[in-house]
Every structure is written in structure tokens, then in C-alpha cells.
Amino acid sequence: MQRVYNFSAGPSMLPLEVLEKAQEELLCYGDSGMSVMEMSHRSRDFEEIIEAAESSLRQLMNIPSNYKVLFLQGGASTQFAAVPLNLLSDHKCADYIVSGQFSDKAMKEAKKYGDIAIAASSAGASPSYSTVPKTERSDFRPDADYVHICFNNTIYGTKFPYIPDTGNIPLVADISSCILSEPIDVTKFGLLYAGAQKNVGPAGLTIVIVREDLIGNARPDTPVMLNYKALADGKSMYNTPPCFSIYMAKLVFDWLLSIGGLEEMKRRNERKASLLYDYLDNQTYYTAPVDKNCRSMMNVVFVTGDPALDKKFVAEASEAGLKSLGGHRSIGGMRASIYNAMPYEGVEKLIAFMKKFAVENPKL
Ligand code: PMP
């Protein structure tokens, strides 16, 4: 068996140690005599797994005790609706910073439930969304119930280089593609959410970290499965949770703790990302279209400038064991997602391939 370097934007690579541990425990977890996949979510063994997952995540992210951690389903996209349903409580208005497709989708979903304004947008940048808008406190309506951002824009390869100052207005962030990549000050946010399938584990799990005072004010017609109060009161087990994905997430959290937590993860991620960006900055064959001040450490976007060459690049890279390097279907080009589990050697191999491809395919 030959494992490849998988640059997919998600689902994406998991640490080998984690997969091996899961393999070891696949048929029989502890002395339970069964797989985690077969286990009742009400069993003591599973309760221990979900409690340990929460406690490791709290430790990793330094989550204060006045925040609830929820392990949910439905992907980050479900939170596009759950956030307004739960948080549009006082004035029924909220402000969105639109820095890419996912924040645009979140904004459009929220519009179904209240008075939603775009506080700032980088849609008009050239290329579109190649930067993140700068904002000041005065850009937000003082009566907004919350301000929403997407912290790392998976498709465009940008990340907020700053945390918007919203004063007393709760800040909500979609951190799907940067969760656990580096330390984050949770206290600066009212709510954080993320789909698991990039840095946390297999698809099927969505993590919500929400300050307690924002729970309990959902619209009366909020479906119970989207109501943070019902979900928090049920300790993420109002119904059957995504048990195996939670178990895998716990293994990933423990792996992160074992390597030294998020400071060490940040060091490794910076090392990988700067290797690739330094290469891009010091040659002329490929272009990295993103504003340098807003570059993502997780998703590195680049193009040759010729869509036919881009296609050839992606196909030949795949044959060389460098998988899923195609840019998002909406923008094309290339995107190397170098999440936590991508080893340094994967980026070295990618750069070696990029050099070889540039020599073999001169531009006319
Ligand atoms: N937000 C961001 C930043 C994403 O990258 C994605 C998926 N790639 C989503 C939201 C949508 O997530 P899901 O597929 O979990 O609904």
C-alpha cells in the first residue's frame, strides 16, 4: 500500500498515528468487545469518549468555562441557518463581512430570518475575494445582534489577518478551514463553528463553541435540532450524535496534545506554508493571486495563467501521488490545502513537482 499526499480542501488527510490507533481499536474498543461504530451512544464507554473529546478540545483551545462545546451534525452549512435562528434575538438584525463564497452563503441564509446587512465585502477585489476587507467598529450597526465572518476562506486562500473589533456586539466566526491550526483567543468571539472534515476528523461532525449568554433566545419556530439550548441541555446527545466521527476527533485532539498543542501546530504550519509561499514568491512561472497580508496558512492558491496548463498540472501531479490539487470548481487553477496532517515532506514533494513541471512545460 502506497499512501499519497492528499491536498484536498476537505475531507483531507488525517495524521497517520491517528488512523493507526483507530485501526488498532476498530474491532474492539478497550474491553467493550465491540467497535465504537456499534456502540450505544448512551453506553458508559461512549460517554467517556465524548467527555474526553470535549475536555481535550477545551484544553487545546483554552475554552473558558462560560462557553459550551457542542458536537453536532449537518456541516458548517447548517450553522448558516442555526446562527441567525438562535442569535437574532434582540433587534433581529446582524452584519456580515463577506470575504468569499461561504460567508456569502451564510449571509444569504441569514437573510431569511432578519435584517441582514453587508458591513464590508471583498467581492469587488481583483481577482474577486483575493483579499479580506478591513473593518472598524464604526462599520457595524450598533444594534446588530451579532457580526459574522468566515475566518479562513478555503476557496480563495485568504485568512483574516486581524480579529474585527465589534465592541460589545458578539462576533461569530466560521473557522471550518483553520480550526486547530494555531491558537485562537476564544474570548474574542461569541460563537465559533467548524465542519470537522479538514483539521478535526472525518466528515459528519460539526463543532460549535458558544458563549452561554447567547444560548436560550432562539426564535420559537427554530427546529429543535438547531436550537442551541436543546442541544446544550442534551450535552450534544439530544439525538444520536455522529459517534464515530466524535471518537476520531478525540484521537486527533489527543494527537495534537501529544505533539505540544496548538503552539507547536502553528510552528509546523508556518514552516510548511512559508516553504511554499517563499518558492512562489521567488519564481515567475506560477502566480499566487492573493493579497500577501491575507494569505491563508491552510489553503495555498496559485495559477500558471493558462487554464489548459493548470489542468495538465493537476492531472500529472495526481499521477505523481500529489492528489486533489485542483482549485475549487468555481475558480479553477490550483489549490494546495496543507492542513495540520500534511507532512512537511508533502510540501517539499509538491515544490519539486512544480519545478519539474515548469521546466517540462515552457510557456510560449
Ligand atoms: N465554511 C467553510 C470555510 C468551508 O470551507 C466549508 C466547506 N468547504 C463550509 C463552510 C461548508 O461546510 P460543510 O460542507 O461542512 O457544510
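Within any chain, residue numbers begin from 1 and follow the written order of that chain's sequence. This being a predicted model, a pLDDT of at least 70 is required before a residue's local features are given, and a value of 80 or more before pairs of side-chain atoms are given or counted; all residues contribute to the totals for chains, interfaces and linings. Processing note: side-chain calculations cover all non-hydrogen atoms of the structure and skip hydrogens and water entirely.

Considerations on the site of the ligand
The rule for a residue being near a molecule or strand is that one of its heavy atoms must lie within 4 Å of it. Every one of the 13 residues lining the ligand counts as a neighbour, but Ala 76, Ser 77, Thr 154, Asp 174 and Lys 198 are closest to it. A distance of 3.0 Å separates an oxygen atom of the ligand from a polar side-chain atom of Gln 197. Shrake-Rupley sampling with a 1.4 Å probe provides the accessible areas, and residues are treated as covered by the protein chains on show and by no other component. When isolated, the ligand has an accessible area of 400 Å², and the protein chains bury 83% of it. For the purposes of this entry, the term helix denotes a DSSP run of H or I that reaches at least four residues, the term strand denotes a run of E that reaches at least two, and both are numbered from the N terminus. Top element by residues in the shell around the ligand is helix α3 (residues 75-87). It accounts for 4 residues. For this analysis, a polar contact is any N or O atom pair within 3.5 Å, provided that within protein one partner can donate a hydrogen and the other can accept it, and provided that sequence-adjacent residues contribute only side-chain to side-chain pairs.

Brief notes about helix α7 (residues 261-281)
For α7, which comprises 21 residues, the first-to-last C-alpha distance of 30 Å matches the rise-based estimate of 30 Å (1.5 Å per residue) to within 8%. Between buried and exposed lies partly exposed: a residue is buried under 20% and exposed over 50% of the maximum accessible area for its type, with that area taken using a 1.4 Å probe on protein chains only. Of the positions making up α7, those classed as buried are Gly 261, Leu 262, Glu 264, Met 265, Asn 269, Lys 272, Ala 273, Leu 276, Tyr 277, Tyr 279 and Leu 280. Working rule for contacts: check all heavy atoms of both residues, and any pair within 4.5 Å makes them a contact. Of the surrounding secondary structure, the elements contacted by the buried residues of α7 are α2 (44-61), α6 (243-259), β11 (299-302), β13 (334-337) and α9 (344-360). Expected helix span is given by 1.5 Å per residue-to-residue step, counting one fewer step than there are residues.

Structural notes on helix α4 (residues 101-110)
Buried within α4 are the following residues: Ser 103, Asp 104, Ala 106, Met 107 and Ala 110. Relative to the axis of α4, the buried residues are bounded by an arc of 160 degrees and lie together on one face. Each C-beta atom gives one direction from the helix axis, and the arc is the one those directions make.

A short note on the packing of helix α1 (residues 16-25) against α6
Packing of α1 against α6 brings their axes to within 9 Å, and their N-to-C directions diverge by 135 degrees. One element, α1, and the other, α6, form an angle in the oblique class. For the pair α1 and α6, the crossing hand works out as right-handed. Only Tyr 247, Met 248, Leu 251, Val 252 and Trp 255 of α6 make contact with α1, whose side of the interface consists of Glu 17, Val 18, Leu 19, Lys 21, Ala 22 and Glu 25. Here the nonpolar group is Ala, Val, Leu, Ile, Met, Phe, Trp, Tyr, Cys and Pro; Asp, Glu, Lys and Arg are the charged ones; every other residue, Gly included, is treated as polar. Per-class residue counts for the contact of α1 with α6 are 8 nonpolar, no polar and 3 charged. Inter-axis angles, ranging from 0 to 180 degrees, are taken between N-to-C directions of lines fitted to C-alpha atoms, where helices are fitted over the stretch in contact. Here the word oblique covers every angle except those under 35 degrees (roughly parallel), over 145 (roughly antiparallel) and from 65 to 115 (roughly perpendicular). If you view the pair so one helix is near and one far, a crossing is left-handed when the near helix is turned anticlockwise from the far one by less than a right angle, and right-handed when it is turned clockwise.

Looking at the nonpolar core
Membership of the largest hydrophobic core comes to 91 residues, with the highest contact counts inside it found for Met 61, Phe 71, Ile 175, Leu 180, Phe 253, Tyr 286 and Phe 313. By residue number, the principal contributor to this core is α6, which donates 11 residues. Discounting chain neighbours no more than four positions away, the residues touching Phe 71 are Ile 50, Ala 53, Glu 54, Leu 57, Leu 205, Thr 206, Ile 207, Ser 236, Pro 242, Ile 246 and Phe 253. To define a nonpolar core, start from buried Ala, Val, Leu, Ile, Met, Phe, Trp, Tyr and Cys residues and group those joined through side-chain atoms within 4.5 Å. With 32 residues, the next largest nonpolar core counts Leu 72, Tyr 96, Tyr 129 and Val 208 among its residues.

A few points about the packing of aromatic side chains
By convention, a stacked pair of Phe, Tyr or Trp rings (six-membered ring in the case of Trp) has centres within 6.5 Å and planes under 30 degrees apart, an edge-to-face pair has planes over 60 apart, and any other such pair is tilted. Scanning the model with the defined rule gives 17 aromatic pairs in all. Here Phe 151 and Phe 160 contribute two aromatic rings whose centre-to-centre distance is 6.1 Å and whose plane-to-plane angle is 25 degrees, an arrangement assigned as stacked. Like Phe 160, Phe 151 is buried. Relative to Phe 357, the ring of Tyr 285 has its centre 6.4 Å away and its plane inclined at 75 degrees; by these criteria the two rings are edge-to-face. Taken as a pair, Tyr 285 in the loop between α7 and β11 and Phe 357 in helix α9 lie far apart in primary sequence, 72 residues in all. Take Tyr 285 and Phe 357: they sit in the same class, and that class is buried. The lysine or arginine in question, Arg 271, covers the ring of Tyr 344, its NZ or CZ lying 3.7 Å from the ring centre. By definition here, charges over rings are those cases where NZ of Lys or CZ of Arg is within 6 Å of the ring centre and within 35 degrees of the ring normal. Sitting over the face of the ring of Tyr 285, Lys 363 holds its NZ or CZ atom 4.5 Å from the ring centroid.

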